[in-house]
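Okay, here's what each chain looks like letter by letter:
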Amino acid sequence: MSSPHVLLLGAPGAGKGTQSARIADRFGVDHITTGDALRNNKEMDISGLNLEYDTPGGFMDAGELVPDEVVNEIVVAALEQADGFVLDGYPRNIEQAEFLDARTDLNAVVRLTVSEAELIDRLTGRRVCPDCGANYHVEFDQPEEAGVCDECGASLEQREDDTEETVRERLRVFAENTEPVIDHYQGTDAYVEVDGESPPDEVFEEVEAAIEAKL
Ligand code: AP5
Ligand code: MG
Ligand code: ZN
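Just so it is clear, the structure is predicted and the values come from calculations on it, not from any experiment.

Each value, and the rule that gives it
- Residues numbered from 1 in each chain as written.
- Chains lettered and ligands numbered in written order.
- Predicted model: local features only at pLDDT ≥ 70, side-chain atom pairs only at ≥ 80, totals over all residues.
- Heavy atoms only, no water.
- Donors = N, O, S within 2.8 Å, 3.2 Å for Na, K, Ca; no water.
- Tetrahedral: all angles 85-135°; square planar, octahedral: opposite > 155°, others 65-115°.
- Helix = DSSP H or I, 4+ residues; strand = E, 2+ residues; numbered from the N terminus.
- Buried < 20%, exposed > 50% of the residue type's maximum accessible area, 1.4 Å probe, protein only.
- Contact = heavy atoms within 4.5 Å.
- Arc of directions from axis to C-beta.
- Polar contact = N/O pair within 3.5 Å; in protein donor to acceptor, adjacent residues only side chain to side chain.
- Patch = residues over 30% accessible without salt bridge, like charges linked within 9 Å, V, L, I, M, F, W, Y side chains within 5 Å.
- Areas by Shrake-Rupley, 256 points an atom, 1.4 Å probe, with all protein chains shown as cover.
- Salt bridge = Lys/Arg side-chain N within 4 Å of Asp/Glu carboxyl O.
- Lys, Arg positive; Asp, Glu negative; His and termini not counted.
- Charge placed at Lys NZ, Arg CZ, Asp CG, Glu CD.
- Core = buried A, V, L, I, M, F, W, Y, C linked by side-chain atoms within 4.5 Å.

**Student:** Honestly, the coordination of the zinc ion (ligand 3) in this entry has me stumped. Any pointers?
**Tutor:** For a metal with four tetrahedral donors the ideal donor-metal-donor angle is 109.5 degrees, while six octahedral donors give ideal angles of 90 or 180 degrees. Summarising the metal site, the zinc ion (ligand 3) is bound by the protein donors Cys-129 (SG), Cys-132 (SG), Cys-149 (SG) and Cys-152 (SG), whose distances to it range over 2.2 to 2.4 Å. If you look at the zinc ion (ligand 3), its 4 donor atoms make angles of 99 to 118° with each other, and the shape they trace is tetrahedral. Mapped onto the polypeptide sequence, the residues donating to the zinc ion (ligand 3) form the spacing pattern C-x2-C-x16-C-x2-C. Of this pair, Cys-129 sits in the loop between β5 (126-128) and β6 (135-137) while Cys-152 sits in the loop between β6 and α7 (164-185), and the two are 23 residues apart along the sequence. Given a relative accessible area of 4%, Cys-129 falls into the buried group.

**Student:** I would appreciate a short explanation of the environment of Leu-9 in the present structure.
**Tutor:** Tracing the chain through its elements places Leu-9 in strand β1 (residues 5-9). Looking at Leu-9, the relative accessible area reads 3%, which means it is buried. Separated by 154 residues in the primary sequence, Leu-9 and Thr-163 have C-alpha atoms spaced 22 Å apart. Setting aside anything within four residues of it in sequence, one finds Leu-9 in contact with Lys-16, Pro-91, Val-109, Val-110, Arg-111, Leu-112, Val-181, Ile-182 and Tyr-185.

**Student:** Before we go on, may I ask you to explain helix α5 (residues 94-101) in this structure?
**Tutor:** Each full turn of the α-helix corresponds to 3.6 residues, which orients residues three or four apart in the same direction. Within the sequence span of α5, burial applies to Gln-96, Ala-97 and Leu-100. Each buried residue of α5 lies within a common arc of 100° when the element is viewed along its axis, so the set occupies one face. On its buried face, α5 is in contact with α4 (68-81), β3 (85-88) and α7. The N-terminus of α5 is capped by Asn-93, whose side-chain oxygen sits 3.3 Å from the backbone nitrogen of Glu-95.

**Student:** Please explain a negative patch on the surface as it appears in this structure.
**Tutor:** Taken together, the side chains of Asp-195, Glu-197, Glu-202, Glu-205 and Glu-206 present a region of like negative charge at the surface. Among the elements that make up the negative patch, the one with the highest residue count is helix α8 (residues 200-214) (3 residues). Among the structural elements, Glu-202 can be located in helix α8. On the basis of relative accessibility, which here comes to 46%, the residue Glu-202 falls in the partly exposed class.

**Student:** What should I look at first to understand the nonpolar core in this one?
**Tutor:** The nonpolar side chains of a soluble globular protein tend to be buried, and buried together. Formed by 51 residues in total, the largest nonpolar core has its most connected members in Ile-23, Val-109, Val-110, Tyr-185, Val-207 and Ile-211. Looking at this core element by element, the count peaks at 6 residues for α7. Sequence-distant contacts of Val-109, that is, excluding residues within four places in its chain, are made with Leu-7, Leu-9, Tyr-185, Ala-190, Tyr-191 and Val-192. Counting residues in each nonpolar core, the second largest holds 6 residues, with Cys-129, Cys-149, Ala-154 and Leu-156 among its members.

Structure below.
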C-alpha cells in the first residue's frame, strides 16, 4: 500500500510532537504540524481578516486558535507535498475536521490520553531549541548539559505560550473546541486510543503497534 496517513490527537502536552518525530522516522512519512508552521510565521500580516489580532502570534500567545482560513491553507500546501504523513495539531475544531475529511483519507487516528495535572507539569517544564526544534523537559527529558541543545548546541528557550496562565487557557480551548473532534473520529475504523502517561519510548511502543494494526 502507499505510505500511511496518520492523525495524532491529544491535548496540549499529550506528547503529539514527541511521538510524531518517532512516527515520521519509523514509517518514513512527513511530519505535518500546524503549531510549528505557525510559529515560523508568527508575524505574518493577517490584518485583512479584521479579527482580534493582526498576526498568528497574537492568537498563539493568548492560547486561542488561529483562524481556520490561515491554518487550512498551511495544511493544504503540506498535504499536496506529502506522500505519507503524520498530522499533529490539526484538526482542532469541527470545521477543520470536515475540511480535512474532504481532502484525504486516514489509516490511523491515534488519540493520546494524559491527565490534566501531568499536562500542566509537562508544558510548564518544556524547553525547546530555537534553531533545530528539538524538545526537552527540565525534569522528564533533560539535555546532557542544562539549557543547551544536544543536537546543535543552541541555548534552549521556553515557548511563550508555556506559562501556567496560557497553558490553562489552551486546555480550556482544547476542551471546548477539540474534544468534539475526538468524538467525530471515535467510532470510525481508524480510531485507536493509547495511554500517553508512561515515558516516551514506552508510549511509542504502543503507538507503533496501534498504527501497524491499522495498516
Ligand atoms: P501546538 O504547537 O500544536 O501546541 P499544542 O497542541 O498546544 O501542543 P504542544 O505542542 O504544546 O504539545 P505536544 O502534544 O506536542 O507535546 P510535546 O510532545 O511537545 O499549537 C500552538 C498554538 O498554535 C495553539 O495554541 C494555536 O494558537 C495555534 N494552532 C496550532 N494549530 C492550530 C490549528 N489547527 N488551528 C488553530 N490554531 C492552531 O510534549 C510536551 C512536553 O512533555 C515536552 O517537554 C516533552 O519533553 C514532555 N513529554 C512528552 N512526552 C512525555 C512523556 N511520555 N513523559 C514525560 N514527558 C513527556
Ligand atoms: Mg507540539
Ligand atoms: Zn537544537
